[in-house]
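# Per-entry structural report
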Amino acid sequence: MDRFSVAECIKEGCLLLTKIIENPKYECLLLLKHILKKDVAFLYANPSYTLDPNSYSTFIEYIQRRCSLEPLQYILGNQEFMGLTFYVNPHVLIPRQDTETLVENVLSKIPSQRNVSILDIGTGSGCISISIAHFAKNNTLLALDISDDAIRVAYNNAS
């Protein structure tokens, strides 16, 4: 078989992932969405849509990576945080929803009429300082990290 349908890919992915992760169908859909550059609604509405051999090969590679418990965010290369999309890779921690509470708390404490200086030590992906800069304009932020690889990720996200 040269081409594989969305439904066949989901079935195959679920078969491999069922005993490993909580929601294999959802993750299969996210992987296919990423590979095919289609939204999830399209995938649901078009289960017979076929993947070319390269896309199928990529899907199987991604499924194998998930089977080895690599985080989905590293495979996809991004994570949503505070409504913004951040590039992530194994050099940084994956931004977590509970950290959004920290950012929201900081934002609530910044006076709206005053320039505040904020230091983010161990910035990783930069999600905290970039989110603060995005939602509280006209403040001074300095983000530091001991890892050159993490600084590159943060710089990429800041760009």
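Each value, and the rule that gives it
- Residues numbered from 1 in each chain as written.
- Predicted model: local features only at pLDDT ≥ 70, side-chain atom pairs only at ≥ 80, totals over all residues.
- Heavy atoms only, no water.
- Salt bridge = Lys/Arg side-chain N within 4 Å of Asp/Glu carboxyl O.
- Helix = DSSP H or I, 4+ residues; strand = E, 2+ residues; numbered from the N terminus.
- Buried < 20%, exposed > 50% of the residue type's maximum accessible area, 1.4 Å probe, protein only.
- pLDDT = per-residue confidence, 0-100.
- Contact = heavy atoms within 4.5 Å.
- 1 Å grid on protein atoms, 1.4 Å probe; cavity = no way out; pocket = protein on both sides within 12 Å on 5 of 7 lines; lining within 4 Å.
- Points joined across faces, edges and corners; volume = space filled by probe spheres on them.
- Nonpolar A, V, L, I, M, F, W, Y, C, P; charged D, E, K, R; others polar.
- Phe/Tyr/Trp six-rings, centres within 6.5 Å; stacked < 30°, edge-to-face > 60°.
- Lys NZ or Arg CZ within 6 Å of the ring centre and 35° of its normal.

On to the pattern of salt bridges, then. Tallying each qualifying case throughout the model produces 5 salt bridges. Residue Glu27 pairs with Arg66 through a salt bridge whose shortest N-O separation is 2.6 Å. One end of the pair, Glu27, is in helix H2 (residues 24–36); the other, Arg66, is in helix H4 (residues 53–67), with 39 residues separating them in the sequence. When sorted by exposure, Glu27 lands in the same class as Arg66, which is buried. Between Arg65 and Glu70 there is a salt bridge whose closest N-O contact spans 2.7 Å. Relative accessible area serves as the criterion here: at 23%, Arg65 is assigned to the partly exposed category. Within this structure, Glu61, Arg65 and Glu70 form a network of salt bridges that share partners.

For the protein chain, mean pLDDT is 94; residues scoring 70 or higher make up 98% of the total. Of all the helices and strands in the protein chain, strand E1 (residues 4–5) carries the lowest mean pLDDT, 93, while strand E4 (residues 84–87) carries the highest, 98.

What follows covers unusual backbone geometry. Here Lys37, not a glycine, exhibits a phi torsion of approximately 60°, which is positive. The residue Leu69 is not glycine, and still its phi comes out positive at about 70°. Among the structural elements, Leu69 can be located in the loop between H4 and helix H5 (72–76). Taking relative accessible area as the criterion, Leu69 reaches 56% and is therefore assigned exposed.

Looking at where Asn23 falls in the secondary structure, it is placed in the loop between helix H1 (6–17) and H2. Sequence separation between Asn23 and Lys137 is 114 residues, and the spatial gap between their C-alpha atoms is 38 Å.

The topology assignment puts Ser55 in helix H4. Residue class for Ser55 comes out buried when judged on its relative accessible area of 12%. Not counting residues up to four positions away in its chain, the partners in contact with Ser55 are Ile35 and Leu36.

Quick look at the layout of surface pockets now. Taken as a whole, the largest pocket encloses approximately 260 Å³ of empty space. If you go around the largest pocket, the residues you meet are Glu27, Leu30, Lys33, His34, Arg66, Leu72, Gln73, Leu76, Asn78 and Gln79. Ranked by residues supplied to the lining of the largest pocket, first place goes to H2 with 4 residues. Here the residues of the lining of the largest pocket sort into 3 nonpolar, 4 polar and 3 charged.

Our next topic: the packing of aromatic side chains. Applying the stated criterion across every chain, the model contains 3 aromatic pairs. Aromatic side chains Phe42 and Tyr49 sit 5.1 Å apart centroid to centroid with 80° between the ring planes, which places their arrangement in the edge-to-face category. The class of Tyr49 is partly exposed, set by a relative accessible area of 30%. For the ring pair Phe81 and Phe86, a centre distance of 6.1 Å and an interplane angle of 75° mean the geometry is edge-to-face. We note that Phe81, like Phe86, is buried. Geometry around Phe42 places Lys38 over its ring, the cationic atom sitting 4.8 Å from the centre.

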